[in-house]
Amino acid sequence: MRLIVIGGVAAGASTAARTRRLDEHAEIVVFERGHHVSFANCGLPYHVGEVIKDRARLILQTPESLRESLNIDVRLGMEVVGIDRKAKTVTVQDVNSRAQTTESYDNLALCMGAEAVRPPLLGIDHPAIHVLRRIGDMDKIKSRLDAAVTAQKNGKREVVRAVVVGAGYIGLEMAENLHHRGVKVDVVELSDQILPPVDHEIAAPVEQHLRARGIGLHLSTAAAAFQPLSDSDSDQRVTVELNSGVTLAADLVILAAGVRPAVGLAKDAGLVLGPRGGIKVDTHMRTSDPSIYAAGDGVETRHPVLPGEHLNPLAGPANRQARVAAENICGRDTEYQSTQGTSIVKVFDMTAGGTGATARQLTAEGVDYRVVHLHPSGHAGYYPGTAMMHIKLLFSPDTGRVLGAQACGFDGVDKRLDLFAMAIRAGLTVYDLEEQELAYAPPFGSAKDPVNMAGFVASNTLRGDLVLWYSEDFPAAIDGARLVDVRTAQEYGIWHLPGAQSSPLASLREDILEWDRSQPIRLYCAVGFRSYLAHRILVQNGFEDVATLSGGSTTFKHVHDTDNTEYEAQLPIENYAEKVSVASAVAVATGQRTDLDCTGLACPGPIMRLSGAMKEAGVGDEIHITVSDPGFALDAPAWASKNGHTLVEIEPKGPGYAATFRKGGVTPIAASSGRGGNKLSMVVFSDDLDKQIAAFIIANGALAMGQEVSMFFTFWGLNSLRKAHPPQREKTLMDRMFGAMMPRGADKLKLSQMHMAGAGTAMIQNVMKQHNVPRLPDLISAAQADGARLLGCTMTMDLLGMAHSDLVDGVELAGVATFLGEAQESGTTLFI
Ligand SMILES: Cc1cc2nc3c(=O)[nH]c(=O)nc-3n(C[C@H](O)[C@H](O)[C@H](O)COP(=O)(O)OP(=O)(O)OC[C@H]3O[C@@H](n4cnc5c(N)ncnc54)[C@H](O)[C@@H]3O)c2cc1C
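As the structure is a computational prediction, the values presented were derived from the model and not from experiment.

A. Broad picture of the sheet that holds strand S21 (residues 309–310). Spatial ordering of the open sheet is given by S18-S20-S21, a layout of three strands whose pairing is mixed. Only two strands of the sheet have a single neighbouring strand rather than two, namely strand S18 (279–280) and S21. Bridging between strand S20 (residues 299–302) and S21 involves two bridges; their strand directions are antiparallel. Bridging across to S21, Thr301 finds its partner in His310.

This is how it looks when you write it as structure tokens:
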């Protein structure tokens, strides 16, 4: 049997090697048009980055080694240019001499892989623009890069810049490796997210991580044209014009805009192609011609979850397909099952990947699915070196079968992805995930492994113990519902969902006594665990329509890009120095420093530890904190600003950050906030009609002048916000007495002076009408409509027996800490 293999890298070399192991007498010839056989193309980016220093280590085999060990005849620099299926011959051309020969075969294996997409853009052939597929591509990229980096080190050049077009795996690996070499990198991506094999909420934390490492990310943006930087530029640099109007100068452009299957030969030979443009094969990896097999990036294969055939240009499937092809070439009856697209990438300190179907694919194919989001630690939180990972699990609502899983994070992401991959391949259900007994000791995992946890949460939803609502359905999902944040008041104060009321889990059992059991309740916490506990409390107390936010506020921020927006405002990180320079004036450094290791603690753990340490510190003392929670970069500046401390510096470290805070003075009003002066805050204490009118006239005036307004209603001041007809609820005798004695709403307030049994109040209302001064209820509505924050003092409400439902819509509940935070950001604070 004479086997000819076209292509000598992943699938080609594997087909040849497996054939030899099964058939010692076969004649095996491999034609490879490149100058290397069986090289590690997956390692190419890491040699550019000098992580893999020795180039020779990428070359796994040579023609000589394959001849010696496997008696395979490898011919490099030989391109197959035609297939004659009738004659069972191929035409082979020497790439240097162009001399052609004809070779006959009994069996032919097509392993030509894929070709990098080169969009037909103006200037695409500029010498600074490269793709990365082979060793030769890598050599060209590296020599250009080395020259630029050396020139920069010798002071002959300013910063070296690169633009990577495409944010798939290869693009991101190149971005990281170029960054390692000191290059300023911009990544341009047409889609609104990086990493196509994962959904948006799993890509979002990786996008933040890239930005935090200084990579410029241009999403929903296309490279439109390339122009020489200037005619006289001896470095032959290029400008990349983006469709956003931005122009980037670059020493080097990497085109990583995807690949398409190399099917030219197959098409010309009349072989059948599949619907996605790849070579059609049966489960034996046989093409439409029984003597011709195909494997690797060029073929379409079945998917374990999705209908139809798919392209999955990955090294693992290429090698497995090659093995199946070889077995069938040698007379065995071996079937290739499917390709599920299991993939993984390292992006600086992060790991991300997916297996099975994404939500986008399931939706496109009309497959019904359910989703849970989790944010467990890679290993036990109390053992150093762990951080939060983000998991999305997709499963069938009917059977619970696992359809897809994606994850990103730091430690332990790879093994969870592999476990999910095995589960999908084995057809396991979420109930099976609950049952898996996985290796555990604190440095490696948790007694309830993230894979078990994913099974628990998903099974809870199928069994009806947990009903979820989803961030992408916000705000429609909370329409007519009570949106409840069950995190601590401190976490709520730092950030909360718009329209949420705070009801910490610790006090929830008391708070719900006042709530309407028939009103829908939408719960959330940071990651979904505390809200699950709250969920169970509510359901067992007779609440009829309760749902918990999948993945909590962590997923919410990823879905709504809250973090991204804030990151963009914050970055580059170096700018913190400028931002905090105003605040630095608050306290002079004493030189006393405390180190705080908060790695492994999830939000709000680090902030709470920091807060505790600050209490012990003296004014001007500094606390250096190390955290693994990536969300800390968002919370920390807000916390410092609200508490009058200075964020001296913050920089990315491992999965999280290292930051230094300096304790501030007692009342850092305005000084620590870049916004001070453009906010007006008030304490509204009185329920005298004239004072309330004055308060709201000032508030509306400030709003009209473009200021932010925050009004904290405490004690009798709250009466103006009471509803005339609040919903019925259970009340204690004391609550009923207070309720009856106090004015119920803005229309019931009295003048502070000259009330005269109501005559004075009526008179002033009449005078106001004549002078076109709006009534108090209208002033309140106008202030709310213009964005004033009306804060009801929770302490007063407790004392006077008021519930949130007693107050006009839109009033937020708040403690004194929230008000102090508002006051601190204000140029003026009034007490009325
Ligand atoms: C930079 C880079 C990083 C990657 N990283 C990963 C990773 O981390 N994980 C992963 O799973 N996958 C990765 N991949 C993808 C993986 O390398 C491919 O899926 C795999 O190599 C496909 O194997 P293949 O044999 O189909 O194609 P290839 O390995 O590309 O081999 C095809 C060969 O055929 C030759 N050829 C084509 N036409 C002819 C012809 N007419 N005559 C003679 N020879 C011909 C080509 O020169 C080429 O050498 C990476 C790819 C690249 C380029």
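B. Here's a closer look at a nonpolar patch on the surface. On the surface, Leu733, Met734, Met737 and Met741 cluster together into a nonpolar patch covering about 460 Å² of accessible area. A relative accessible area of 42% means that Met737 is categorised as partly exposed.

C. Main features of the confidence of the model for the protein chain. Taken over all residues, the pLDDT of the protein chain has a mean of 90, while the share at 70 or more is 94%. Across residues 563–585, confidence stays below pLDDT 50; counting only partners more than four residues off in sequence or on other chains, it has 43 contacts. Between residues 666–675, whose pLDDT stays under 50, and residues either more than four places distant or in other chains, the model counts 22 contacts.

D. Main features of unusual backbone geometry. Here the amide bond leading from Phe474 into Pro475 is cis, since omega sits at 10°, within 30 degrees of zero. Considering the arrangement of structural elements, one finds Pro475 in the loop between strand S27 (468–469) and strand S28 (482–485).

E. Broad picture of the site of the ligand. Not every one of the 28 residues close to the ligand is listed here, only the nearest: Ala11, Glu32, Val80, Asp297 and Ala315. In the complex, the protein chains occlude 91% of the 990 Å² of accessible area that the ligand would expose alone. Listing elements by their share of the shell around the ligand, those giving two or more residues are helix H1 (10–22), strand S2 (27–32), strand S4 (78–84) and helix H8 (315–329). If one sorts the elements of the shell around the ligand by residue count, S4 sits on top with three residues. The residue makeup of the shell around the ligand, split by class, is 18 nonpolar, four polar and six charged.

F. A look at the side chain of Glu173. For Glu173, the position within the fold is in helix H5 (residues 169–180). Dropping the residues within four chain positions of it, Glu173 is found in contact with Cys42, Pro45, Tyr46 and Val345.

G. Spotlight on the pattern of salt bridges. The final tally for this structure, using the stated rule, is 39 salt bridges. One salt bridge connects Arg463 with Glu434, and the closest N-O pair in it is separated by 2.8 Å. Taken together, the residues Arg463 in helix H12 (residues 450–463) and Glu434 in helix H11 (residues 430–435) connect sequence positions 29 residues apart. Classification of Arg463 as partly exposed rests on a relative accessible area of 46%. Classification of Glu434 as buried rests on a relative accessible area of 17%.

H. Geometry of the environment of Leu3. Looking at the element boundaries, Leu3 is found in strand S1 (residues 2–6). Note on Leu3: relative accessible area 0%, which makes it buried. Taking C-alpha positions, Leu3 is 8.7 Å from Thr19, a pair spaced 16 residues apart along the chain. In this structure, Leu3 is in contact with Thr15, Thr19, Glu27, Ile28, Val29, Asn107, Leu108, Ala109 and Ile329, ignoring residues within four places of it in sequence.

Rules behind the numbers
- All chains use their own residue numbering, which begins from 1 and follows the written sequence.
- Residues qualify for local features only when their pLDDT is at least 70, as the model is predicted, and side-chain atom pairs are given and counted only at 80 or more; totals for whole chains, interfaces and linings, by contrast, use all residues.
- Only hydrogens and water are set aside when side-chain values are computed; all heavy atoms of the structure are taken into account.
- Whether two strands pair comes down to DSSP finding at least two bridges between them.
- In this description a helix means any DSSP run of H or I spanning at least four residues, a strand means any run of E spanning at least two, and both kinds are numbered starting from the N terminus.
- For patch building, the residue pool is restricted to those with more than 30% relative accessible area and no salt bridge; the joining distance is 9 Å between like charges and 5 Å between nonpolar side chains (Val, Leu, Ile, Met, Phe, Trp, Tyr).
- The accessible surface values rely on the Shrake-Rupley method and a 1.4 Å probe; as for residues, cover is taken only from the protein chains in view.
- By definition, a salt bridge exists where a carboxyl oxygen of Asp or Glu is found within 4 Å of a side-chain nitrogen of Lys or Arg.
- Each residue gets one of three labels from its accessible area relative to the maximum for its type: buried under 20%, exposed over 50%, partly exposed in between, using a 1.4 Å probe on protein chains only.
- Summary of the metric used: pLDDT quantifies the predictor's per-residue confidence within the range 0 to 100.
- By definition, residues are in contact when any of their heavy atoms lie within 4.5 Å.
- Here a residue is considered near a molecule or strand provided that any single heavy atom belonging to it is located within 4 Å of it.
- Amino acids are sorted into nonpolar (Ala, Val, Leu, Ile, Met, Phe, Trp, Tyr, Cys and Pro), charged (Asp, Glu, Lys and Arg) and polar (every other residue, Gly among them).

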